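Residue-level listing of the chains:
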Amino acid sequence: MSDRVDAEAIDRARRQAAAAERVVVKIGTSSVTDEESNLDDDKLDQFVDGVNSLIDRGKEVIVVSSGAIGAGKGRIDPDGDTIEASQALSTIGQSHLMRRYTESFERYDRSVAQLLLTRHDLNNAERFTNFRNTLETLLEWDVVPIMNENDAVAIEELRIGDNDMLSASVGVGIDVDLLVTLTDVGGVYTDNPKEDDEPERIEAIGRNYAEIETFIEESTTDEFGGIRTKVRGARKISEHGAPAIIARSTEPDVLQKIATGEPVGTIFVPISEQQ
Ligand code: GLU
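One structure accompanies this document, and this report is about it. Bear in mind that the values here come from a model prediction, so they are computed numbers and not experimental data. (Residues numbered from 1 in each chain as written. Predicted model: local features only at pLDDT ≥ 70, side-chain atom pairs only at ≥ 80, totals over all residues. Heavy atoms only, no water.)

In this section: the packing of helix H7 (residues 163-173) against helix H9 (residues 227-239). Direction vectors running N to C along H7 and H9 enclose 5 degrees, while the axes themselves pass 8 Å from each other. Here H7 is positioned roughly parallel relative to H9, judged by the angle of their axes. Together, Asp164, Met165, Ala168, Ser169, Gly171 and Val172 of H7 and Thr229, Lys230, Gly233, Lys236 and Ile237 of H9 make up the contact between the two elements. Residue composition of the contact of H7 with H9, by class: four nonpolar, four polar and three charged. (Axes fitted to C-alpha atoms, helices over the stretch in contact; angles between N-to-C directions. Helix = DSSP H or I, 4+ residues; strand = E, 2+ residues; numbered from the N terminus. Parallel < 35°, antiparallel > 145°, perpendicular 65-115°, else oblique. Contact = heavy atoms within 4.5 Å. Nonpolar A, V, L, I, M, F, W, Y, C, P; charged D, E, K, R; others polar.)

And the structure:
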């Protein structure tokens, strides 16, 4: 990496991330399901433990969880891989996902709420205001909002596309102080970590963004854990002036580490902090 972010800017961003009052945490399908596409209770409970620890520190946490289509596949194995099948599967999986989140947060005596959005809800000012009001009320009530795209109605022109974009857009719209994207790789690497034995993890992204964007575009395949959209989502938040972190969901106490300023994953330094 020719143009690294200086250590002081990284340190400031980590402290800013640790102090964040309003946090969006996005978790991907493979981080809540097992190899047979069933919801994985241990993974989900571990994630909820982390979210709960952030709330216990006085933070407002908004969860964006994928896994509806994945969990649906674990229940019903349809012939063929059509869009209609994925949409129908999402409706089956989403209810299981919410049931598990409800049970898991009950361990801490916390209630959860489900919010399903489409592109319309992000682009239409009135709908977004309504969404924001609902969210603010839930947070005031100490209820944990859990969001996903409304896959059942989100045909092509309504689709946000993926939850990386959903979490970044919502994050900007509700002025979050931090976006955390939890996934099955440990951050952003100089090569595909699933193919290269010794890839170099990039500690921080700021001034070096253009360079990183170029090699991600070049090296990324669809199987690359969708790192491209995660990077774009994190960049969007950092351009909005807040830090964003991409980290491995299975890293022990990953959210607690972020809340204490420990270095995990790849941090996107807020643009105003890059000088
Ligand atoms: N909304 C999809 C689901 O819950 C996931 C989309 C994504 O992972 O970006 O299955």
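So, about the site of the ligand. Residues in close proximity to the ligand include Ser66, Gly67, Ala68, Ile69, Asn148, Asp151, Asp162 and Asn163, which together make up its full environment. Asparagine 148 places a polar side-chain atom, nitrogen or oxygen, 2.7 Å from an oxygen atom of the ligand. At a separation of 2.8 Å, an oxygen atom of the ligand approaches a polar backbone atom of asparagine 163. Starting from 300 Å² of accessible surface for the ligand in isolation, the protein chains cover 86%. Per-class residue counts for the shell around the ligand are two nonpolar, four polar and two charged. (Near = heavy atom within 4 Å. Polar contact = N/O pair within 3.5 Å; in protein donor to acceptor, adjacent residues only side chain to side chain. Areas by Shrake-Rupley, 256 points an atom, 1.4 Å probe, with all protein chains shown as cover.)

All right, on to the nonpolar core then. Membership of the largest hydrophobic core comes to 39 residues, with the highest contact counts inside it found for Val25, Phe47, Tyr101, Leu182, Leu255 and Ile258. The residues touching tyrosine 101, leaving out its near neighbours within four places in the chain, are Ile27, Val32, Leu44, Phe47, Val48, Ser65, Val112 and Ile146. In this structure, Leu166, Val176, Leu179 and Ala242 belong to the second largest nonpolar core, which totals 38 residues. (Core = buried A, V, L, I, M, F, W, Y, C linked by side-chain atoms within 4.5 Å. Buried < 20%, exposed > 50% of the residue type's maximum accessible area, 1.4 Å probe, protein only.)

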